[in-house]
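# Descriptive structure summary
The residues making up each chain are set out below.
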2 protein chains.
Amino acid sequence: MMINKVGRSLPEQIEHYGKVTPYAGAFATQKDGVKTGARLKSFKRGEKKLLSGIREAIEKSGLRDGMTVSFHHHMRNGDKVVNLVMQEIAAMGIKDIRLAASGIFECHAPLVELIENGVITQTVTNTFNPGPVAKAITAGKLAKPAIFMTHGGRPRAIESGDLHIDVAFVSAPTCDEQGNMNGTKGKSACGYLSYSYLDAQYADSVVAVTDTLVPYPNCPIEITSEFVDYVVVVDSIGDPGGIVSKTLKVKTDPVSLQIASNAANLADAAGYIKDGMSFQTGASGASLAAAALVRDMMKERGIKGSFGLGGIHSYFVQMLEEGLFKALFDTQCFDLVAVESAGKNENHMAISASLYANPHNRGAIVNYLDTVLLGATEIDVDFNVNVITGSNGVIMGASGGHSDTAAGSKLTIVVANLTRKAICVVREKVTTVTTPGETIDAFVTEHGIAINPLRKDLLEAVKDSGLPIVDIRELKAKGEEIAGPQVAQEFTDKLIGVVEYRDGTVIDLVYQPKGYEFQQQ
Amino acid sequence: MMINKVGRSLPEQIEHYGKVTPYAGAFATQKDGVKTGARLKSFKRGEKKLLSGIREAIEKSGLRDGMTVSFHHHMRNGDKVVNLVMQEIAAMGIKDIRLAASGIFECHAPLVELIENGVITQTVTNTFNPGPVAKAITAGKLAKPAIFMTHGGRPRAIESGDLHIDVAFVSAPTCDEQGNMNGTKGKSACGYLSYSYLDAQYADSVVAVTDTLVPYPNCPIEITSEFVDYVVVVDSIGDPGGIVSKTLKVKTDPVSLQIASNAANLADAAGYIKDGMSFQTGASGASLAAAALVRDMMKERGIKGSFGLGGIHSYFVQMLEEGLFKALFDTQCFDLVAVESAGKNENHMAISASLYANPHNRGAIVNYLDTVLLGATEIDVDFNVNVITGSNGVIMGASGGHSDTAAGSKLTIVVANLTRKAICVVREKVTTVTTPGETIDAFVTEHGIAINPLRKDLLEAVKDSGLPIVDIRELKAKGEEIAGPQVAQEFTDKLIGVVEYRDGTVIDLVYQPKGYEFQQQ
């Protein structure tokens, strides 16, 4: 066994995963080498790409037992393509598929049956919503451990060759017969298809799946025909209504407003609310409330920001259109206002996940980010954050861009209610380490702000600010006082997940919680 | 010695070139494999890219004797960056550089001295204008044979690893400190930087050279920071006034109009003037005159075309804005109207040279092209075309997209005056084969139209059209009658150039003409 830098025990090898490289620090693994070679393939004049349907595409792509099949998650909880393709794969008798879907949502409930009968034996994901598939994995139904990556880790793995994709299925709101795709037009417009760019560039075969076939050329083109082998038309790739995150609403309850206010004032006191500032926030209500306060500060003071980054929502679009941001860098649209903006604002730009957050990229935009607001299911006294499992060990998320932006941003603020029901969010050790504490600068709650002691400069900057700065152990004590005694979840020794840090090292392992029973609903 | 499919004798090996694969037919070399791996490099947060100048960039990039250095040619005859960088390389005492400049123009006269003193020992180009460098190569001044590629052959060579670039210098009309570049803005706006995309993606080091540094992020971004190692600011990257091709003017003399009319009527008779049509034309006066006639036909008949392709000029912009084309696919701007359009019309799209014309690309747009009009310095009775040398053996051009579009397009028309001074354009054998006759469908002159006998369908389609269809040998006889007896140029056995077909095979060799004396002016 090895111990990694956040203190987790790891074996040297994991069956169905391979050699384990232990996490050695947020910036310990730098690279200077050569990317893997992408597929090179000639297409002659007149060669046809348009096929009769999903089945023919599966046949032509040579998809067979043991292969890795990829999808992107821009339709989020409205997606229909993953189920459609995987059910056809199942109907053809193909088994042992590694499902490299950048995101899995509640709508993917039909996959549980395919996991149970061995069609899908492993998942590789960077976005996960609580739901049937997460529960099935928690219940140990996957034959091989689930692999959790980050938004930047996935393109890193693809470019380095660590994640080889045999067949990529790209959902395209509009597409022409040659495979030129666009995400911002059509009846199922979902916004930019950013997460699929690397899949399309590196997969051995690429299938464009569309419900809106348009005449060639499908301009403006987002993913060009040079990456596409086959085009398939289906009735519907999904319901754009499912794109909108349930949580996408500024919270106005007093606790959320207190947290938001603490977070915005912290960023201000630390000097990050200024001309040229950049900002990223998730879609949680408290984060959005903080963004709203930041917006007010900017307007009041006439501040012109640089860029907003990540999942883009109506609040950021508004800030772009008000001139508070010069640009938006978009990896996915979180609502339909963002989709519309992507189709019309030239400074609302698509970026690949590699450009967004790949640690082994020469221009990763997270490295130019000033402030990011992130969530947590748990945080520990070393500031390590968990967003993958609940304190009961049940899988309920994935890193997304959490670890990436935490590492890149100059100021990384985790916001959370100190307690949730009988749970105190601050733990001695988090159940699962997603993001290492060395990359978290502050933890902001309704009961005060804990600053990572590693950030002496930040402690110095805010010392006279009047902000409620407290030690994280004080927050822990306070939380336990409110939530009551914390019961430690026990685990079996069945490994159900491998958590990769963005650089491909292993930061933690997920074991099956004792006594967990799968319930589909 | 080997004989290739157009009858040229080739050695099996060429010193300073390597193994020779003989041209075996326009579509004989298909590929299904893996691209070469591009550079993979981490950049940490806070790492600086902005350097003090060209010299520091040369030092930091590790540029040394024997390396390959690349440039793109969007500033055309207004470019200043090639001279600036190469003179700095010379000043540093570095020698034996392979200059992989996508285009060389008259403005690059200072390179002659660098060729003479061994700083530059080989050139790899796909665009060449008559001028001092072409003359110096003709005079045998390069230590190693010049390599002539096509617009599609160059990205093929880069993607396959045949052309490895050590350091790419990308001229950027606007750029930010992280290397995000845009070609359509700034005082030196030259239009899209398409030819440099592959250089930026695959070179070991990439240096952005700009005269207009703008705040981060330089949106909309054309080449992103992920491909850029260093940023350098210079006084001027060039004079946009030099972009405009001298020939870019519709010709109105009776001979040109006759040729244009024959060409447009041929395309019409062959059925390619119709809804959904696509079209490419070079910048020669007769081609533009033909384009003007095609435009008139489209307007008269209410035809809606699909796309215009290649070098984009004001005539194509007008057709886009009139709705005659749905889209323009742009590899370079031929005038400032095109530059302006590139910055504002969303359906005026940049395409990489690989997407444009690479024969080993899954979506090369030349393969969807209906009609292309091309020029020639010579054409022979087998319809082989020469655009590289004059009949006197002097280098005066390069393929550009000639061979690529000829192979891809459904109808490839070569237009030329039958005679130029005492030269008959039709030869028994062309001096240098650039584009194989099997990909040329018709040769249009003021004295009639010769159709390639391989295109039986085309001969059938036009037989009742009333067009002046003649045998190419008749044109040859007529031309010789007008121009007088043709004197065959004699050549020394000094090899000065290797002409690659787009697939990387060797289609011809260029030897030094006997009795040629270099004159700078």
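Conventions adopted
Residues numbered from 1 in each chain as written. Chains lettered and ligands numbered in written order. Predicted model: local features only at pLDDT ≥ 70, side-chain atom pairs only at ≥ 80, totals over all residues. Heavy atoms only, no water. Helix = DSSP H or I, 4+ residues; strand = E, 2+ residues; numbered from the N terminus. Rg over C-alpha atoms; globule rule 2.2 N^0.38 Å. Buried < 20%, exposed > 50% of the residue type's maximum accessible area, 1.4 Å probe, protein only. Contact = heavy atoms within 4.5 Å. Areas by Shrake-Rupley, 256 points an atom, 1.4 Å probe, with all protein chains shown as cover. Lys, Arg positive; Asp, Glu negative; His and termini not counted. Charge placed at Lys NZ, Arg CZ, Asp CG, Glu CD. Buried area = accessible area lost by both parts, 1.4 Å probe. Salt bridge = Lys/Arg side-chain N within 4 Å of Asp/Glu carboxyl O. Polar contact = N/O pair within 3.5 Å; in protein donor to acceptor, adjacent residues only side chain to side chain. Pairing = 2+ DSSP bridges. Axes fitted to C-alpha atoms, helices over the stretch in contact; angles between N-to-C directions. Domains from an automatic or database assignment. Least-squares fit on C-alpha atoms with pLDDT ≥ 70 in both. pLDDT = per-residue confidence, 0-100. Arc of directions from axis to C-beta. Parallel < 35°, antiparallel > 145°, perpendicular 65-115°, else oblique. Left-handed = near helix turned anticlockwise from the far one by under 90°. Nonpolar A, V, L, I, M, F, W, Y, C, P; charged D, E, K, R; others polar. Expected span 1.5 Å × (residues − 1). Phe/Tyr/Trp six-rings, centres within 6.5 Å; stacked < 30°, edge-to-face > 60°. Lys NZ or Arg CZ within 6 Å of the ring centre and 35° of its normal. Disulfide = S-S within 2.5 Å.

## Here we look at the overall build of chain A
Along its length, chain A carries 14 helices and 33 strands. At 22 Å, chain A has a C-alpha radius of gyration in line with the 24 Å of a compact globule built from 521 residues. Summarising its shape, the C-alpha atoms of chain A cover approximately 70 × 55 × 45 Å along the three principal directions. Burial status across chain A gives 65% buried among its 521 residues. If you take every contact in chain A between residues at least 6 apart in sequence, the share linking residues at least 24 apart comes to 73%. Carbon and sulfur atoms make up 50% of the accessible area of chain A, which totals about 17400 Å². Once the 50 positive and 59 negative side-chain charges of chain A are each reduced to a mean point, those two points are 2 Å apart.

## Structural notes on the interface of chain B and chain A
Contacts between the two partners involve 59 residues from chain B and, on the opposite side, 60 residues from chain A. Interface area lost by chain B to chain A is led by B:Leu40, B:Arg45 and B:Arg362, which between them contribute 19%. If you look at where chain B meets chain A, you find six salt bridges. Across the pair A:Glu346 and B:Lys185 runs a salt bridge whose closest N-O atoms are separated by 3.5 Å. For the interface between chain B and chain A, the tally reads 39 residue pairs in polar contact (both at pLDDT 80 or more).

## Re the sheet that holds strand 18 (residues 278-281) of chain A
Residues and elements named next belong to chain A. Pairing is mixed in the open sheet, where nine strands are placed in the order 21-20-19-18-22-25-29-30-31. Every other strand in the sheet has two partners, leaving strand 21 (348-350) and strand 31 (469-470) as the edge strands with one partner each. One ladder, built from six bridges, connects strand 19 (residues 307-312) with strand 20 (residues 327-333); its direction is parallel. Residue phenylalanine 307 lies in a different strand from strand 20, and its bridge partner there is alanine 327. With respect to the sheet, helix 8 (residues 285-301) is in contact with strand 18, strand 22 (371-374) and strand 25 (411-415), its orientation differing from that of strand 18 by roughly 155°. In this fold helix 10 (residues 336-344) packs onto strand 19, strand 20 and strand 21, with an angle of close to 125° to the strand it touches most, strand 20.

## A word on the pairing of strand 16 (residues 205-210) of chain A
All names here are of chain A. Where burial is concerned, most of strand 16 is hidden: six out of the six residues are buried. Neither face of strand 16 is exposed, since Ser205, Val207 and Val209 on one face and Val206, Ala208 and Thr210 on the opposite face are all buried. Sheet topology places strand 13 (residues 167-172) next to strand 16; six bridges connect them, and they run parallel. Bridged to alanine 168 within strand 16 is valine 206. In the sheet, strand 16 pairs with strand 17 (residues 230-233) via four bridges, with the strands oriented parallel.

## Let's talk about the domain arrangement of chain A
All names here are of chain A. With domains assigned, chain A is organised as domain 1 (2-6 + 51-243) and domain 2 (254-489). Taking the mean C-alpha position of each, domain 1 and domain 2 sit 28 Å from one another. Taken together, the contact between domain 1 and domain 2 spans 34 residues of the former and 38 residues of the latter. Its largest share of buried area at the contact with domain 2, domain 1 owes to Val6, Phe148 and Tyr192, together 22% of the area lost on that side. Summed over the shared surface of domain 1 and domain 2, the result is one salt bridge. The salt bridge partner of lysine 5 is glutamate 438, with a shortest N-O separation of 3.5 Å. Applying the counting criterion to the domain 1 and domain 2 interface returns 18 residue pairs in polar contact (both at pLDDT 80 or more). Counting residues per element, the ones that place at least two in the side of domain 1 that touches domain 2 are strand 11 (127-128), helix 4 (132-138), helix 5 (153-160) and helix 6 (197-202). In terms of residues, the side of domain 1 that touches domain 2 owes the most to one element, helix 5, which gives four residues.

## Focus on the sheet that holds strand 33 (residues 506-513) of chain B
Residues and elements named next belong to chain B. Sheet architecture is open: nine strands sit in the order 17-16-13-7-8-10-12-32-33, paired in mixed fashion. Looking along the sheet, the strands with just one partner apiece sit at the ends: strand 17 (230-233) and strand 33. In this sheet, adjacent strand axes meet at a mean angle of 25° when their direction is disregarded. Pairing geometry for strand 7 (residues 68-71) and strand 13 (residues 167-172), over two bridges, is parallel. Within the sheet, the bridge partner assigned to valine 69 lies in strand 13 and is valine 167. Along the sheet, helix 1 (residues 54-61) contacts strand 13, strand 16 (205-210) and strand 17; its crossing angle with strand 17, the most-contacted strand, is approximately 160°.

## Structural notes on the relation of the copies chain B and chain A
By a simple turn and slide, chain B fits onto chain A: the slide is 0.0 Å along the axis, the RMSD is 0.0 Å, and the turn is 180°. Those values place the two copies in the arrangement expected of a two-fold rotation axis. No C-alpha of chain B lies nearer the rotation axis than that of B:Gly37, which sits 2.2 Å from it. Of the interface residues in chain B, 100% have counterparts in chain A that sit at the interface too, so the contact is made through matching surfaces.

## So, unusual backbone geometry
Backbone phi values are negative for most residues with the exception of glycine, while trans is the configuration of most peptide bonds. For the bond from A:Tyr216 to A:Pro217, the omega torsion is -5°, close enough to zero to count as cis. Within the element layout of this structure, A:Pro217 appears in the loop between strand 16 and strand 17. The omega angle of the peptide bond from B:Cys219 to B:Pro220 is -10°, so this bond is cis rather than trans. Along the chain, B:Pro220 turns up in the loop between strand 16 and strand 17. Residue A:His16 is not a glycine yet carries a positive backbone phi of 65°.

## Examining the confidence of the model for chain A
Looking at chain A as a whole, the pLDDT averages 96, with 99% of positions reaching at least 70. Two summary scores accompany this predicted model of the complex, namely pTM at 0.96 and ipTM at 0.95.

## Quick notes on the side chain of A:Ser399
All names here are of chain A. Inspection of the secondary structure puts serine 399 in the loop between strand 24 (385-386) and helix 12 (402-408). On the accessibility criterion, serine 399 (8% relative accessible area) is buried. A distance of 3.1 Å separates the side chain of serine 399 from the side chain of serine 403, its partner in a polar contact. What serine 399 contacts, discounting residues up to four positions off in sequence, is Asn126, Met149, Thr150, Val387, Ile388 and Thr434.

## Here we look at helix 10 of chain A
Residues and elements named next belong to chain A. Ala338, Val339, Ser341 and Ala342 are the residues of helix 10 that are buried. For helix 10, the arc enclosing every buried residue in end-on projection is 165°, short of the 170-degree limit, so these residues lie on one face. Of the exposed residues in helix 10, the ones pointing more than 90 degrees away from its buried face are Glu340 and Lys344. On its buried side, helix 10 packs onto strand 19, helix 9 (314-321), strand 20 and strand 21. A side-chain oxygen of the first residue of helix 10 lies 3.3 Å from the backbone nitrogen of valine 337; this N-cap is aspartate 335.

## Description of the packing of helix 1 (residues 54-61) of chain A against helix 2 (residues 81-91) of chain A
All names here are of chain A. The geometry of helix 1 relative to helix 2 is characterised by a closest axis approach of 10 Å and an angle of 65° between their N-to-C directions. Classified by the interaxial angle, the pair formed by helix 1 and helix 2 is roughly perpendicular. The handedness of the crossing between helix 1 and helix 2 comes out as right-handed. Facing Ile54, Arg55 and Ile58 of helix 1, the residues of helix 2 in contact are Val85, Glu88, Ile89 and Ala91. Grouping the amino acids of the contact of helix 1 with helix 2 by side-chain chemistry returns five nonpolar, no polar and two charged.

## Description of helix 7 (residues 254-269) of chain A
Residue and element names in this part refer to chain A. In this model helix 7 runs 22 Å from its N-terminal to its C-terminal C-alpha over 16 residues, within 8% of the 22 Å that 1.5 Å per residue would give. In this structure, the buried residues of helix 7 make contact with helix 8, strand 22, strand 25, strand 29 (442-445), strand 30 (448-451) and helix 13 (456-462). Glycine 271 occupies a position one or two residues after helix 7 and carries a positive phi of about 90°.

## Focus on the packing of aromatic side chains
Scanning all chains against the criterion turns up 18 aromatic pairs over all chains. With a centroid separation of 4.8 Å and an interplanar angle of 70°, the aromatic rings of A:Tyr216 and B:Tyr368 are classed as edge-to-face. Of this pair, A:Tyr216 sits in the loop between strand 16 and strand 17 while B:Tyr368 sits in the loop between helix 11 (353-357) and strand 22 (371-374), which puts the two residues in different chains. For the pair shown, A:Tyr216 and B:Tyr368 are each scored as buried. Here the aromatic residues A:Tyr216, B:Phe307, B:Phe329 and B:Tyr368 are joined through ring pairs into a cluster of three or more. The ring centre of A:Phe43 lies 5.1 Å from the NZ or CZ of A:Lys49, which sits over that ring.

## Considering the state of the cysteines
Such a bond, covalent and formed between the sulfur atoms of two cysteines, is termed a disulfide. Residues and elements named next belong to chain B. As enumerated under the stated definition, the model contains zero disulfides over all chains in all. Of all cysteine sulfurs in the structure, the one in cysteine 333 sits closest to cysteine 190, which takes part in no disulfide; the separation is 7.6 Å. Using a relative accessible area of 1% as the deciding quantity, one classes cysteine 190 as buried. Cysteine 219 carries a free sulfur, and the closest cysteine sulfur to it, the one in cysteine 175, is 13 Å from it.

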